[in-house]
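# Structural overview for review
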Amino acid sequence: MAKREYQTVESGPHTYWDMLHPTIQKNYGQWKYHDRPRPGVLHHVSHTGDEVWTVKAGTHRQVTVDIARRLCDIADTYCDGFLRWTVRNNVEMTTDKEANVEPLIKALEAAGHPVGGTGNSITSMAHTQGWLHCDIPATDASGVVKSIMDLVYDEFKREEMPNRVKLSTSCCEINCGGQADIAIVVQHTRPPRINHDILASTCEMPSTVARCPVAAIRPTKVNGKPSLMVVEEKCICCGACFGACPAMEINHPEYSKLAIWIGGKNANTRSRPTNMKLVAHGLPNNTARWPEVAEKVLTIIKAYKEGGRDWERVGEWAERIGWKKFFEVTGLPFDKYMIDNYRHARNSFNQSAHIRF
Amino acid sequence: MAKREYQTVESGPHTYWDMLHPTIQKNYGQWKYHDRPRPGVLHHVSHTGDEVWTVKAGTHRQVTVDIARRLCDIADTYCDGFLRWTVRNNVEMTTDKEANVEPLIKALEAAGHPVGGTGNSITSMAHTQGWLHCDIPATDASGVVKSIMDLVYDEFKREEMPNRVKLSTSCCEINCGGQADIAIVVQHTRPPRINHDILASTCEMPSTVARCPVAAIRPTKVNGKPSLMVVEEKCICCGACFGACPAMEINHPEYSKLAIWIGGKNANTRSRPTNMKLVAHGLPNNTARWPEVAEKVLTIIKAYKEGGRDWERVGEWAERIGWKKFFEVTGLPFDKYMIDNYRHARNSFNQSAHIRF
Amino acid sequence: MAENKLNPTPNLDTLEEGPWPSFISGFKELYNRTGNTMVRGVLDQLNYSYETRMGYWKGGVVGVHGYGAGIISRYSMVPELFPEAKEFHTMRIQPPPGLHYSTKALREVLDIWEKHGSGIISMHGQTGNLQLQGVVQANVQELFDDLNKLGWDLGGAGATVRTGASCVGPARCEMACYDTLKMHEKVLKYFADLTHRPQLPYKAKFKFSGCGNDCANAIQRSDYAVIGTWKDEIQVDEAEVAKFIETRGVAYLTNNVITRCPTNAIVMNEDGKSITINNSDCVRCMHCLNVMTKALSPGKERGIALLVGGKGHLKVGNMLGSVMVPFMKMEDEDDIEAFIDMIDSMIDYWAENALDHERVGETIERVGMQQFLDAVGLEANPDMVIQPRDNPYFKAPYEKVG
Amino acid sequence: MAENKLNPTPNLDTLEEGPWPSFISGFKELYNRTGNTMVRGVLDQLNYSYETRMGYWKGGVVGVHGYGAGIISRYSMVPELFPEAKEFHTMRIQPPPGLHYSTKALREVLDIWEKHGSGIISMHGQTGNLQLQGVVQANVQELFDDLNKLGWDLGGAGATVRTGASCVGPARCEMACYDTLKMHEKVLKYFADLTHRPQLPYKAKFKFSGCGNDCANAIQRSDYAVIGTWKDEIQVDEAEVAKFIETRGVAYLTNNVITRCPTNAIVMNEDGKSITINNSDCVRCMHCLNVMTKALSPGKERGIALLVGGKGHLKVGNMLGSVMVPFMKMEDEDDIEAFIDMIDSMIDYWAENALDHERVGETIERVGMQQFLDAVGLEANPDMVIQPRDNPYFKAPYEKVG
Ligand code: SRM
Ligand code: SRM
Ligand code: SRM
Ligand code: SRM
Ligand code: SF4
Ligand code: SF4
Ligand code: SF4
Ligand code: SF4
Ligand code: SF4
Ligand code: SF4
Ligand code: SF4
Ligand code: SF4
């Protein structure tokens with residue numbers, strides 16, 4: 001290897017100040033309030049009297065240099081060469097000229113980026129790597145996102161939901177997509193099959209054993225060589241071992257299913273943040289459009305749109321109307337697997353006579 | 001033993017119908033509403049148009065045939081020979097003649113039974129056996145009740161609290177008193193000393209070992225004989241083993257302390273029922289008036305009376321103002337032992353940015 | 001000591017002061033009238049406990065013919081100091097549901113008790129027994145027989161079904177959604193055998209509250225908590241509602257009714273001064289009915305909810321019962337029988353599967369609610385939980401493939 | 001295959017339909033312009049995944065000089081089928097806090113990326129990285145050096161401090177209670193060493209949200225969640241409040257503001273048409289400020305709360321961070337340094353005490369919050385809990401006697 005000439009600068013995150021529009025720099029920390037002139041557009045007013053308009057548009061996250069350059073072109077034309085991405089892969093273009101707003105919207109939409117995702121709309125779906133890149137996925141993520149976003153496209157562009165709706169999808173149970181109002185996550189139904197051929201050479205056995213939350217993995221010998229075995233009665237098919245050891249083959253085209261979770265909420269707004277809860281499982285992993293999953297997601301969205309009160313997030317809606325009602329209005333079947341039986345299960349029992357009819 | 005002549009009738013609870021006043025029988029299940037003409041008096045109106053007045057009075061629970069007979073006398077005079085006890089050891093005398101109410105009140109008070117305990121008063125304190133009868137108490141119960149009720153006597157007779165206040169006391173950590181708005185319960189601070197002389201002959205060892213929630217008890221040999229030992233580092237001084245085995249001597253005149261718990265609520269009213277929480281511990285077991293404990297209880301009551309909103313139970317008040325504020329306004333010190341570290345501790349952590357200042 | 005006079009009780013005498021009725025004065029009065037030396041012995045030992053801050057009773061085994069429970073036996077650990085307190089057993093008697101008495105019946109009990117025992121009574125114990133405190137073994141059988149002849153029976157103790165408790169219910173409460181007293185009577189009569197003979201892993205308690213106010217403390221203090229509720233709409237007397245708002249004002253209405261509803265089921269109408277109750281959001285918490293007693297009443301389609309698993313904190317931390325049956329009508333004998341059948345299967349499962357000293361709530365927590373439901377033949381229902389699981393740690397059966 | 005043309009991707013083509021931007025079309029466009037065979041290979045393998053419903057990447061070890069993390073290496077498991085997809089590593093780049101870019105800076109990155117890699121970008125990863133997807137090992141160092149010269153550095157991966165994330169903050173949000181972008185930049189720069197070299201039991205993430213709305217998802221998705229808050233009173237513009245009530249009406253006020261306050265901190269005044277906020281009951285949930293943007297603003301005495309322990313559900317179930325420091329002012333460099341010192345001691349304790357693959361939240365749960373507080377030198381504070389313990393299972397030190 002040739003001698004290294006360049007000396008790395010261990011700089012951490014890139015600096016941000018030089019990335020800000022001059023009007024943003026000038027009013028940094030001075031914002032007074034905002035409103036939304038129309039879906040997809042935010043209007044922020046500063047204590048200095050300055051105003052900015054932000055147009056928000058959807059992207060596919062898995063973009064390319066071409067797509068990013070086109071967005072740069074638009075930002076150069078209308079936003080003095082500045083733009084940002086949101087935590088949900090939307091692009092935001094901020095201008096201090098109201099007159100730029102309409103042409104900016106046009107330009108973004110012309111480039112294929114729907115304008116919307118603000119306020120009480122359904123914003124872009126968080127997604128993960130899937131078959132495109134990850135080493136453990138049981139499904140794709142970008143394809144699920146595309147399939148669902150196509151179907152809620154109008155709700156992205158409107159602000160007609162009771163409150164913001166955050167969707168996400170994850171391609172294995174690990175759930176890198178984080179929790180969301182409505183999330184689609186893989187759910188395995190079968191214990192891993194062990195690939196003894198590669199196990200010893202690929203995996204660190206003690207750490208694979210340690211990874212199992214229910215201590216279902218045990219050392220064993222196969223053909224006289226040390227390997228691992230799974231006690232199938234104990235195994236809860238979580239797939240955690242597969243992340244530690246590729247020989248624990250949990251993925252399966254049929255037995256790896258999809259589940260739907262709702263009511264995740266990280267905001268401290270009104271109610272405390274809450275974890276998302278399981279409302280459907282055993283759905284088929286039907287490429288490339290996942291119709292069975294999509295249908296259920298749409299049903300939930302529809303019921304929420306109809307039944308939710310202003311400012312109620314999906315989980316808050318379900319909690320107000322009650323989970324029984326949630327299952328009624330969505331037509332999803334509640335089953336015993338949805339009753340927690342893990343470590344803190346008792347805390348999820350209805351320890352009250354609070355019951356709705 | 002002489003041959004038994006009488007054949008037991010395994011009848012279970014005594015029948016109730018014949019224990020009811022005729023007007024109660026007539027209007028059974030027909031009540032329409034009630035109000036409280038004055039503290040200590042309930043007025044129930046029936047759909048039939050009938051009305052009854054109930055006068056409620058305190059008793060000491062640990063009564064005698066003399067006391068009970070005196071109450072019977074009063075019931076004979078004013079209530080046609082019927083009376084009842086409440087779940088909190090108060091006596092209730094119901095009459096269908098409004099004119100009887102005042103003389104009834106006088107008669108009860110003359111017999112030493114304060115009239116009150118209704119509505120938003122402090123009603124009688126629930127109590128347990130204590131040194132009077134139980135085999136495992138570290139304090140007395142009746143004496144604690146008497147000491148506290150003397151001090152809140154006026155609040156028993158008035159209705160000036162934000163909502164009903166339920167007090168209780170228990171003479172060991174087992175807490176037969178149940179949970180309450182404010183409860184006084186024993187809290188041991190020292191592991192049991194083992195009385196090896198009696199252990200083998202008095203206790204079933206395996207079940208004593210099994211009783212310990214933290215597996216701190218182990219079989220051992222003392223002077224060559226099988227006995228038990230306690231791993232003091234693990235022992236959390238709960239005293240559970242003492243209930244199973246009198247040789248596990250947990251009680252101590254100094255190391256057995258008193259703790260105060262608040263916010264127990266069994267009612268489903270408004271908020272879900274909640275367990276009571278630890279707010280003070282290490283208080284001395286100071287017979288016969290427990291002044292250190294009483295002072296703290298009174299402080300809590302005073303703060304609640306001043307700060308609670310109408311209909312807020314003690315725990316609901318603390319939850320609205322926040323526990324930090326609760327400790328502030330009561331002057332009680334919060335310490336790390338009040339942070340749960342038992343099985344479901346995580347659920348008690350503040351998993352939100354909901355913070356009061 | 002042998003004199004017909006109380007011994008000094010310096011450590012107790014302060015408890016005779018103050019306005020609240022004094023149990024010490026009561027005991028002294030009793031002794032002074034009856035001269036029952038057991039009362040004096042107990043006062044002496046209690047005085048010693050107050051002095052040394054230690055208890056001095058130990059248990060033993062005392063019973064009545066044919067039964068295995070119901071008497072709590074107490075022997076002094078220091079009989080040499082207090083020979084008069086040598087024995088001081090308690091007999092637990094099951095009172096009438098709702099703790100209603102006629103003076104006639106009560107006086108009979110008092111007389112029998114004075115004849116055979118100390119005359120001290122705990123009225124009532126936390127579980128609901130009439131506790132006759134202070135009888136010697138020699139008198140126990142006679143005491144019981146005399147009481148039993150009049151319809152009184154022993155309560156539970158040890159690993160038995162325990163004495164039940166019920167709120168005043170329909171006898172004098174407009175909130176009662178079922179007949180707490182009748183149900184208490186029937187259910188506990190049915191379980192008399194299990195009350196009297198320890199055949200269970202541990203204790204099992206029933207409590208009956210007519211509505212969600214839970215005046216019987218059922219949810220925490222019983223394994224099987226029966227709580228009244230209703231299915232249809234809250235009954236509204238519109239005129240009384242209007243009167244309430246007029247008298248109390250919009251601020252009171254907002255701050256004490258609307259904002260206190262746990263599920264925001266009560267909304268302010270557009271007029272800014274009247275309300276609508278969305279009954280499907282209502283969780284039957286009772287609050288608005290309690291505040292507006294005249295205006296609001298429980299609906300007409302009434303029944304019970306069964307919550308299972310309440311108990312004290314040994315060894316898992318305090319447990320509140322949790323919903324096992326969200327609604328069951330409870331109008332006639334058949335309904336009570338259906339209830340009993342169901343409980344029978346729960347008790348059976350528990351009796352067979354519990355560890356020693358494990359209450360049913362702990363068993364359910366340990367084996368998992370799913371298993372328990374399967375075992376007792378109940379369908380999973382969202383009312384059983386405050387929310388579906390929030391972790392993926394379950395295994396649903398493989399779905400057949402191909 | 002070798003032709004300068006895409007292979008058929010029948011299983012993917014349906015994803016080119018529909019109104020939402022299509023990543024497949026994007027990839028195809030890229031390939032058609034650049035002819036980068038890696039893009040074609042990846043499309044082919046993805047098509048195969050859609051057909052067989054299985055993934056075909058496996059990991060390996062790829063890195064840059066001096067660092068131990070930051071590249072996620074991917075090798076095809078079926079290189080015989082898709083030789084063009086043999087290697088497809090991702091380089092994680094830490095973007096500017098708040099994901100703000102000048103087109104100038106961004107174009108530079110795009111150009112460098114196109115030169116050395118596939119041209120595919122994940123913008124941005126869930127943790128917050130700019131993910132350059134599809135580089136072969138041979139190009140990794142050059143790619144990195146070119147970027148590094150312009151101020152870009154690698155993000156975390158594996159058992160490291162991970163790339164941070166921050167909400168837009170003071171750059172364009174009136175709710176921001178501290179400078180999320182500055183704090184993000186400073187803190188992550190400080191931890192650059194731990195970001196680049198795995199020296200920890202497992203990953204550690206930071207996220208910075210300017211207020212309780214938590215637009216950065218800090219509470220669940222970071223071990224160290226920094227959330228803005230304030231200590232004094234909500235700033236109220238009375239005129240705007242009056243205008244709001246006038247326009248929206250009392251019903252809207254009641255049903256959308258008053259009843260939605262989680263602690264009933266907002267009460268209806270006696271007049272039945274105006275409100276009072278009891279700031280001492282307010283938990284800074286943000287709701288009323290969100291609804292009445294013009295009328296209400298955060299107080300002036302601003303700072304952060306630190307919540308520790310958020311993470312995904314492996315192996316204990318999803319964890320939300322919990323309050324470790326209820327308030328800390330965050331106005332200048334000194335404040336940031338004080339913060340960093342504190343985090344240093346938390347990371348030290350965790351690094352020394354955690355099991356392998358155990359995140360800090362799990363460590364705290366396992367050892368107990370009391371121990372953790374002692375170890376890092378924090379005082380117990382009621383803000384850390386939603387309630388004090390409800391079980392007596394603790395041992396306080398004996399109090400000295402005599
Ligand atoms: C741009 C962005 C921050 C960023 O740095 O990227 C952002 C920006 C704003 N958020 Fe947010 N939020 C952003 C992600 C989030 C997230 C996280 C996420 O989406 O993954 C959350 C928490 C989600 C959760 O609970 O799990 C979030 C919860 C909120 C809330 C609380 C909503 C609620 O009632 O529960 C508000 C308050 C509101 O709606 O008025 C809010 C309000 C806002 C405001 C109105 C703040 C302001 O005054 O400027 C911003 C305008 C949003 C709009 O488009 O209408 N933002 N906001 C994020 C845009 C995401 C997107 O592209 O759609
Ligand atoms: C008599 C009694 C039932 C019995 O069968 O003995 C009873 C009777 C009534 N209760 Fe109760 N409650 C009785 C013990 C309880 C208990 C249990 C206890 O005290 O141990 C509770 C639950 C305590 C808890 O949460 O842990 C209880 C929680 C309530 C509530 C709910 C209060 C709340 O807001 O949380 C109400 C509703 C109300 O206050 O309007 C209530 C209401 C009532 C009403 C108003 C019902 C009615 O319409 O008649 C009764 C008049 C009470 C009064 O004196 O003002 N009762 N009530 C009990 C009297 C105890 C005593 O002597 O003081
Ligand atoms: C007498 C009574 C207290 C009182 O003075 O009122 C009482 C007294 C005893 N209780 Fe209790 N409990 C009494 C009501 C309760 C209650 C309240 C209730 O039933 O509503 C509870 C809480 C609810 C529950 O069932 O958990 C209660 C929870 C306990 C426990 C803890 C059970 C648990 O699972 O946590 C024990 C310990 C045990 O059973 O091993 C216990 C054990 C005991 C023992 C048997 C102690 C022992 O192991 O020797 C006490 C006998 C004392 C004696 O000398 O009579 N007692 N005990 C109450 C029964 C009177 C009656 O029958 O009417
Ligand atoms: C790339 C990314 C998904 C995406 O497409 O955006 C991702 C991808 C992976 N995550 Fe993740 N996680 C990503 C954000 C997250 C998040 C969200 C977040 O950071 O806000 C979470 C939930 C929050 C958390 O930290 O817990 C997350 C929770 C996990 C976990 C579960 C951790 C847990 O304690 O429960 C694992 C498993 C592990 O670490 O062993 C994991 C593991 C992985 C691995 C390394 C799988 C593996 O063991 O091989 C994935 C590498 C995929 C790849 O090929 O690049 N990833 N992962 C995200 C990182 C991009 C970036 O750096 O910007
Ligand atoms: S969710 Fe699973 S499969 Fe998807 S990117 Fe994360 S670790 Fe990989
Ligand atoms: S899938 Fe989960 S439960 Fe099953 S063996 Fe692997 S780690 Fe254990
Ligand atoms: S609380 Fe303890 S000491 Fe008191 S009666 Fe109950 S078991 Fe006995
Ligand atoms: S006191 Fe409690 S923790 Fe200690 S040995 Fe006895 S049962 Fe175990
Ligand atoms: S529980 Fe309900 S029905 Fe029974 S007394 Fe209390 S308020 Fe009345
Ligand atoms: S009973 Fe309770 S839940 Fe139902 S409407 Fe009234 S206050 Fe709301
Ligand atoms: S978290 Fe708060 S400060 Fe940050 S963008 Fe969201 S609303 Fe604004
Ligand atoms: S910020 Fe939230 S808690 Fe505070 S007053 Fe407003 S709504 Fe209530």
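Conventions adopted
For every chain, the first residue of the written sequence is number 1, and numbering continues from 1 onward in sequence order. Naming scheme: in the order in which they are written, chains are lettered from A and ligands are numbered from 1. Totals for whole chains, interfaces and linings use every residue, but because this is a predicted model, local features are given only for residues with pLDDT of at least 70 and side-chain atom pairs only at 80 or more, for both listing and counting. Hydrogens and water are ignored here; the side-chain numbers use all heavy atoms of the structure. Only runs of H or I of at least four residues qualify as helices and only runs of E of at least two qualify as strands under DSSP, and these elements are numbered from the N terminus. Here a residue-residue contact requires only that any non-hydrogen atoms of the pair lie within 4.5 Å. Only the protein chains shown count as cover for residues, and all accessible areas are computed by the Shrake-Rupley method using a 1.4 Å probe. Note on charges: Lys and Arg go in the positive column, Asp and Glu in the negative column, and His and the chain ends are not counted at all. Lysine's charge is taken at NZ, arginine's at CZ, aspartate's at CG and glutamate's at CD. Any N, O or S atom lying within 2.8 Å of the metal counts as a donor, with the limit raised to 3.2 Å for Na, K and Ca; because water is left out of the atom set, some sites can appear incomplete. Start and end positions for the domains come from either an automated domain assignment or a database one. As a working definition, buried area equals the accessible area (1.4 Å probe) given up by two parts on being put together, with both sides summed. We define a salt bridge as a side-chain nitrogen of Lys or Arg found within 4 Å of a carboxyl oxygen belonging to Asp or Glu. Consider each residue's heavy atoms; a residue with any of them within 4 Å of a molecule or strand counts as near. Pairs of N or O atoms within 3.5 Å make up the polar contacts considered here, provided that, within protein, one atom can donate a hydrogen while the other can accept it, and that residues adjacent in sequence are counted only when both atoms are side-chain atoms. Nonpolar residues are Ala, Val, Leu, Ile, Met, Phe, Trp, Tyr, Cys and Pro. Charged residues are Asp, Glu, Lys and Arg, and all others, Gly as well, are polar. Summary of the burial criterion: residues with accessible area below 20% of their type's maximum are buried, those above 50% are exposed, and those between are partly exposed, where the area comes from a 1.4 Å probe applied to protein chains only. Strand pairing is assigned whenever DSSP detects at least two bridges linking the two strands. Classification of ring pairs rests on two measures: the distance between centres of Phe, Tyr or Trp rings, Trp counted by its six-membered ring, which must be within 6.5 Å, and the angle between planes, read as stacked under 30 degrees, edge-to-face over 60 and tilted in between. Counting as a charge over the ring demands two things of the Lys NZ or Arg CZ atom: a distance within 6 Å of the ring centre and an angle within 35 degrees of the ring normal. Note on geometry: axes are C-alpha line fits, over the in-contact stretch for helices, and angles between N-to-C directions span 0 to 180 degrees. An angle counts as roughly parallel when it lies under 35 degrees, as roughly antiparallel when it exceeds 145, as roughly perpendicular when it falls between 65 and 115, and as oblique in every other case. Disulfides are defined in this document as cysteine sulfur pairs within 2.5 Å.

### A few points about the overall build of chain A
- Secondary structure summary: chain A contains 11 helices and 14 strands in total.
- Dimensions of chain A, computed from the C-alpha atoms along their principal axes, are close to 75 × 75 × 35 Å.
- Within chain A, contacts between residues separated by at least 24 positions form 64% of all contacts whose residues are at least 6 apart in sequence.
- Carbon and sulfur atoms form 52% of the exposed surface of chain A, whose accessible area is close to 12,000 Å².
- Of note, chain A has its 44 positive side-chain charges centred 6 Å away from the centre of its 40 negative side-chain charges.

### Remarks on the coordination of the iron atom of ligand 1
- When only protein atoms are considered, the iron atom of ligand 1 has one donor, D:Cys215 (SG), at a distance of 2.2 Å.
- By secondary structure assignment, the location of D:Cys215 is in the loop between β9 (206-209) and α7 (218-221).

### Considering the domain arrangement of chain C
Residues and elements named next belong to chain C.
- What the domain assignment reports for chain C is domain 1 (10-52), domain 2 (57-149), domain 3 (165-231 + 302-376) and domain 4 (235-297).
- Taking the mean C-alpha position of each, domain 3 and domain 4 sit 31 Å from one another.
- In this assembly, 9 residues from domain 3 lie in contact with 7 residues from domain 4.
- Note on domain 3 versus domain 4: buried area summed over both sides is about 730 Å², and carbon and sulfur give 57% of it.
- When the buried area of domain 3 at its contact with domain 4 is split by residue, Met175, Asn213 and Trp230 rank highest and sum to 65% of it.
- Summed over the shared surface of domain 3 and domain 4, the number is 0 salt bridges.

### A few points about the environment of A:Gly49
- Relative to the helices and strands, A:Gly49 resides in the loop between β2 (41-46) and β3 (51-57).
- Between the C-alpha atom of A:Gly49 and that of A:His14, which follows or precedes it by 35 residues, the distance is 30 Å.

### Here we look at the site of ligand 1
- The immediate surroundings of ligand 1 are formed by 34 residues, with A:Thr86, A:Arg88, A:Thr123, A:Arg164 and D:Cys215 found nearest.
- More than one chain approaches ligand 1, the contributing ones being chains A and D.
- Within the side chain of A:His44, a nitrogen or oxygen atom sits 2.9 Å from an oxygen atom of ligand 1.
- A distance of 2.9 Å separates an oxygen atom of ligand 1 from a polar atom in the side chain of A:Arg270.
- Classifying every residue of the shell around ligand 1 gives 8 nonpolar, 14 polar and 12 charged.

### Brief notes about the environment of A:Gly112
Residue and element names in this part refer to chain A.
- With respect to the secondary-structure elements, Gly112 resides in the loop between α3 (101-110) and α4 (142-151).
- Under the relative-accessibility criterion, Gly112 is labelled partly exposed at 32%.
- Sequence-wise, Gly112 and Gly58 are 54 residues apart; in three dimensions their C-alpha atoms are separated by 8.7 Å.

### Details of the interface of chain C and chain B
- Taken residue by residue, the interface counts 119 residues in chain C and 116 residues in chain B.
- Area buried by chain C at its contact with chain B is led by C:Trp20, C:Arg53 and C:Arg172, which between them contribute 11% of it.
- Between the two partners, chain C and chain B, sit 10 salt bridges.
- We note a salt bridge from B:Glu92 to C:Arg172, for which the minimum N-O separation is 2.7 Å.
- Counting across the interface, chain C meets chain B through 70 residue pairs in polar contact (both at pLDDT 80 or more).
- The biggest single contributor to the side of chain C that touches chain B is helix α3 (residues 103-116) of chain C, with 8 residues.
- When its residues are assigned to classes, the side of chain C that touches chain B shows 50 nonpolar, 42 polar and 27 charged.
- In terms of strand pairing, strand β5 (residues 82-85) of chain B meets strand β5 (residues 100-102) of chain C through 3 bridges, oriented antiparallel.

### Describing the coordination of the iron atom of ligand 3
- One donor from the polypeptide reaches the iron atom of ligand 3: B:Cys176 (SG), at 2.3 Å.
- Looking at the element boundaries, B:Cys176 is found in the loop between β7 (167-170) and β8 (182-188).

### Here we look at the packing of aromatic side chains
- Within this structure, the stated rule accounts for 54 aromatic pairs over all chains.
- Through successive ring pairs, a cluster of aromatic residues spans A:Tyr304, A:Trp317, A:Trp323, A:Phe326, A:Phe327 and A:Phe334.
- Stacked on the ring of B:Tyr6, the Lys or Arg C:Lys149 has its end atom at 5.0 Å from the ring centre.

### A closer look at the packing of helix α10 (residues 314-321) of chain B against helix α11 (residues 323-330) of chain B
Residue and element names in this part refer to chain B.
- Where α10 contacts α11, the two axes come as close as 6 Å, and the packing angle between them is 110°. When the interaxial angle is binned, α10 and α11 end up roughly perpendicular. Across the interface between the two elements, Trp317, Ala318, Glu319 and Ile321 from α10 touch Trp323, Lys325, Phe326 and Val329 from α11.
- Split into classes, the residues belonging to the contact of α10 with α11 amount to 6 nonpolar, no polar and 2 charged.

### Re the pairing of strand β10 (residues 224-230) of chain D
Residues and elements named next belong to chain D.
- Across the 7 residues of β10, 7 count as buried, placing the element largely inside the fold.
- Both β9 and β10 contribute to a ladder of 4 bridges, which runs parallel. Directly across from Ser209, in β10, lies its bridge partner Ile227.
- When β10 meets strand β15 (residues 302-308), the two strands line up antiparallel, connected through 7 bridges. In the sheet register, Gly228 faces β15, and the bridge partner there is Ile304.

### Some words on the state of the cysteines
Residues and elements named next belong to chain A.
- One pass over the structure, following the stated rule, counts 2 disulfides over all chains.
- The residue that forms a disulfide with Cys203 is Cys245, at a sulfur-sulfur distance of 2.1 Å. Between Cys203 and Cys245, the S-S torsion sits near 75°, and that sign places the bridge as right-handed. Residue Cys203 is located in the loop between α6 (196-202) and α7 (205-211), and its partner Cys245 is located in the loop between α8 (240-244) and β12 (248-249); the two are separated by 42 residues in the primary sequence. For the pair Cys203 and Cys245, one class covers both residues: buried.

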